[in-house]
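# Tertiary structure, described
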Amino acid sequence: MIDWTEIRSRFPALEGQTYLNTAGGGPMSRQAVHAVHKYYDAFLIDGDTRWDYWLDRVETTRERLATLLQVSAEEIAFMGNASQGLNHVADVLRGSGAVAALTGEFPSVTLPWIARGRSIRFLDSLKQVEDLDSDTAVLAVSLVQYKTGERLALERVSKICRQRRIHLVVDATQGFGVHPLDLR
């Protein structure tokens, strides 16, 4: 079982307050700040001669994150931010068929599809996911809606999408670390 209290204790910005702007600029853990300093200190002394060491660190981080998310390390890709990741997914899922998203969805979830000329069907509520038809190729949603705080019933929505062969794209930025995720 994941000890979320212990994980939360690693983030000074969370001491005595609830931090809600994780999508705009998430707080850094003490360990992350220490690692960044260590990287730049080593770079000052050694330049880029420790490349293999840092690649090993990336792989260790990938493995630890995979354990946290209950997936294999090969299924983890690092991106600069959620918007970059969503744009990458929109490129990978180029093709025909409409994209469905919630009305009022965070712009980074819908703009990649719009920019690529995909037709978007906006749903008024998550309940309308059950009405998606075979013309829908992708459902792009946030795990937690940034305006309402409504949380996606991920297991139920995932099951519907699998049954209808709809690609499910989830921006988990607003819920990661708050709600346990089983990405299977």
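Look above for the structure.
A quick note: this is a predicted structure, and the numbers were derived from the prediction, not measured. (Residues numbered from 1 in each chain as written. Predicted model: local features only at pLDDT ≥ 70, side-chain atom pairs only at ≥ 80, totals over all residues. Heavy atoms only, no water.)

Let us now look at the side chain of serine 108. With respect to the element layout, serine 108 can be found in helix α6 (residues 107–115). Judged by its relative accessible area of 12%, serine 108 is buried. Every residue in contact with serine 108, bar those within four places of it in the chain, is listed here: Ser83, Leu86 and Asp171. (Helix = DSSP H or I, 4+ residues; strand = E, 2+ residues; numbered from the N terminus. Buried < 20%, exposed > 50% of the residue type's maximum accessible area, 1.4 Å probe, protein only. Contact = heavy atoms within 4.5 Å.)

When you line up the elements, arginine 62 lands in helix α4 (residues 51–69). Owing to a relative accessible area of 14%, arginine 62 belongs among the buried residues under this scheme. Here the side chain of arginine 62 touches glutamate 59 through a polar contact of 3.0 Å, side chain to side chain. With residues near it in sequence (within four places) discarded, arginine 62 still touches Ala73, Ile76, Ala77 and Phe78. (Polar contact = N/O pair within 3.5 Å; in protein donor to acceptor, adjacent residues only side chain to side chain.)

Before going further, it helps to spend a moment on a nonpolar patch on the surface. Taken together, the side chains of Met28, Val33, Val36, Tyr40 and Phe43 present a nonpolar region at the surface, about 450 Å² in accessible area. Within the secondary structure, valine 36 sits in helix α3 (residues 30–46). Overall, valine 36 belongs to the partly exposed group, its relative accessible area being 38%. (Patch = residues over 30% accessible without salt bridge, like charges linked within 9 Å, V, L, I, M, F, W, Y side chains within 5 Å. Areas by Shrake-Rupley, 256 points an atom, 1.4 Å probe, with all protein chains shown as cover. Salt bridge = Lys/Arg side-chain N within 4 Å of Asp/Glu carboxyl O.)

Our next topic: the sheet that holds strand β1 (residues 98–102). Taking strand neighbours across the sheet as the criterion, the four strands line up as β2-β1-β3-β4 in an open arrangement whose pairing is parallel. The open sheet has two edge strands, β2 (120–123) and β4 (167–171), and neither has a second partner. The sheet shows a mean angle of 20 degrees between the axes of neighbouring strands, taken without regard to direction. Bridge analysis of β1 against β2 gives four bridges, and the strand direction is parallel. Paired with leucine 102 across the two strands is leucine 123, which belongs to β2. Seen against the sheet, helix α7 (residues 154–164) touches β3 (136–142) and β4 and runs at an angle of roughly 155 degrees to β4. (Pairing = 2+ DSSP bridges. Axes fitted to C-alpha atoms, helices over the stretch in contact; angles between N-to-C directions.)

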